[in-house]
Amino acid sequence: MDPYRLPSSIIPSRYDIRLSPDLDATAFEGQETIALDVREPIEEVVLNAAELEIVTAELEDADGERWPCAARLDETTERLHLSPPRPLTPGTWHLSLSFRGTLNDRLRGFYRVNYQEPDGQSAVLAATQFESTDARRAFPCWDEPSFKAVFSLTLTIDPQLTAVANTSILSEAVENGLKVIRFADTIRMSTYLVAIVVGRLAIPP
């Protein structure tokens, strides 16, 4: 396997991502479903991930059959290796993952910033910096510029907070005491262009 480039035998076309950052705990949870075009028979799915705990991994074929996968994260290569129970055949597949991560303090990936509000109170802001290869620290993905896809983002946050992303807000709702914000689909683009900010923001009308 190429140590610098992911295999082109699988091409992602769409990510449906839901992230739930907890600014007080400086952590986040996430779920995502990625639409895949499998171009040749393969025994292993390889994508990028770093500093994430993979909780569940499952593939679904065109007939709706679900295939639980064993997951192995290689922190050295920042790659996630998924082993299905049998080889995948060419066609359309969907990969569903759940995961956990930390809002780091290194200004890369999904990170936190501590600051002081005008009234002197300490506060925390969560933001992203994915260029050039740090989207993998927020969600498992094909984190190379050539793998372009559409991104659908949903954020679950404290009701007192505000969130912005690449696109306009489609809907807001309250579920289990949390604010759920769904954003419009992005254009087809590379992972490093995805952007998120969560905090006590004043958004002009």
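Above this text is the structure in question.
Notes on the structure in this doc start here.

Topic: the overall build of the protein chain
In terms of helices and strands, the protein chain carries zero helices and 15 strands. Compactness check: the protein chain gives a C-alpha radius of gyration of 17 Å against a globular reference of 17 Å for 205 residues, within 12% of the reference. Expressed along its principal axes, the backbone C-alpha trace of the protein chain runs to roughly 60 × 35 × 30 Å. Here the protein chain holds 205 residues, and 44% of them are scored as buried. Carbon and sulfur atoms form 48% of the exposed surface of the protein chain, whose accessible area is close to 10,300 Å².

Considerations on the pattern of salt bridges
Using the criterion set out here, one finds 17 salt bridges in the structure. We note a salt bridge from Arg100 to Glu29, for which the minimum N-O separation is 3.9 Å. Pair noted here: Arg100 is in strand β8 (residues 91-102) and Glu29 is in strand β2 (residues 27-38), with a separation of 71 residues, a long-range link. Close ionic contact of Glu65 with Arg86 constitutes a salt bridge, the shortest N to O distance being 2.9 Å. In this pair, Glu65 sits in the loop between β4 (52-60) and β5 (66-68) while Arg86 sits in the loop between β7 (79-83) and β8, placing the two residues 21 residues apart along the sequence. A residue is classified by how much of its surface remains accessible, and Glu65, at 37% relative accessible area, is partly exposed. Among the residues examined, Arg86 registers a relative accessible area of 40% and is labelled partly exposed. When salt bridges that share partners are traced, they join Glu51, Glu78, Arg106, Arg108, Asp134, Arg136, Arg137 and Asp143 into one network.

Quick word on the layout of surface pockets
Counted as a void, the largest pocket has a volume near 310 Å³. As for the largest pocket, its lining consists of 14 residues, of which Asp22, Leu23, Asp24, Asp158 and Leu161 are closest to the centre. Breaking the lining of the largest pocket down by element, the ones donating at least two residues are β1 (10-22), β10 (122-129) and β11 (150-157). If one sorts the elements of the lining of the largest pocket by residue count, β1 sits on top with three residues. Of the residues in the lining of the largest pocket, the class split is seven nonpolar, three polar and four charged.

Considerations on the side chain of Glu32
Among the structural elements, Glu32 can be located in strand β2. Excluding anything up to four places from it in sequence, Glu32 contacts Tyr15, Asp16, Ile17, Leu95, Ser96, Leu97, Phe99, Phe139 and Pro140.

Points about the packing of aromatic side chains
Working definition: an aromatic ring pair is given by the centre-to-centre distance plus the angle between the planes. In total, this model carries six aromatic pairs according to the counting rule given. Where Phe28 meets Phe110, the ring centres are 5.1 Å apart and the plane angle is 55 degrees; that geometry is what we call tilted. You can see Phe28 sitting in strand β2 and its partner Phe110 sitting in strand β9 (residues 109-116), a full 82 residues away along the chain. This pair shows no difference in class: Phe28 is buried, exactly as Phe110 is.

Things to note about the pairing of β4
As paired strands, β4 and β8 are joined by eight bridges and run antiparallel to one another. Bridge pairing in β8 places Ile54 opposite Phe99. Two elements, β4 and β5, share three bridges in a ladder whose sense is antiparallel. Paired with Leu59 across the bridge in β5 is Trp67. With antiparallel pairing between neighbouring strands as the criterion, β4 and β5 make up a hairpin whose turn holds five residues, including Gly64 at a positive phi of roughly 90 degrees.

Scoring rules and cut-offs
- For every chain, the first residue of its written sequence is number 1, and the numbers climb from 1 along that sequence.
- Side-chain atom pairs in this predicted model are given and counted only at pLDDT of 80 or more, local residue features only at pLDDT of at least 70, and totals for whole chains, interfaces and linings cover all residues.
- Here the side-chain values reflect all heavy atoms present in the structure, with hydrogen atoms and water set aside.
- Counting from the N terminus, the helices are DSSP H or I runs at least four residues long and the strands are E runs at least two residues long.
- We compute the radius of gyration over the C-alpha atoms and compare it with the globule rule, which gives 2.2 Å times the number of residues raised to the power 0.38.
- Burial status follows relative accessibility: with a 1.4 Å probe on protein chains alone, a residue under 20% of its type maximum counts as buried, one over 50% as exposed, and anything between as partly exposed.
- Only the protein chains shown count as cover for residues, and the accessible areas themselves come from Shrake-Rupley with a 1.4 Å probe.
- Here, a salt bridge means any Lys or Arg side-chain nitrogen found within 4 Å of an Asp or Glu carboxyl oxygen.
- Grid spacing is 1 Å over the protein atoms alone, the probe is 1.4 Å, and a cavity is where that probe fits but cannot get out, while a pocket is an open set with protein on both sides within 12 Å along at least five of seven lines and lining residues have an atom within 4 Å of a point.
- Grid points are joined across faces, edges and corners, and a volume is the space filled by probe spheres set on the points.
- Residues are sorted three ways: Asp, Glu, Lys and Arg are charged, Ala, Val, Leu, Ile, Met, Phe, Trp, Tyr, Cys and Pro are nonpolar, and all the rest, Gly among them, are polar.
- Contacts are assigned to residue pairs that have any heavy atoms within 4.5 Å of one another.
- In this scheme Phe, Tyr and Trp rings, the latter by its six-membered ring, pair at centre separations within 6.5 Å, and the angle between planes marks the pair as stacked below 30 degrees, edge-to-face above 60, and tilted otherwise.
- When DSSP finds at least two bridges between two strands, those strands are taken to pair.

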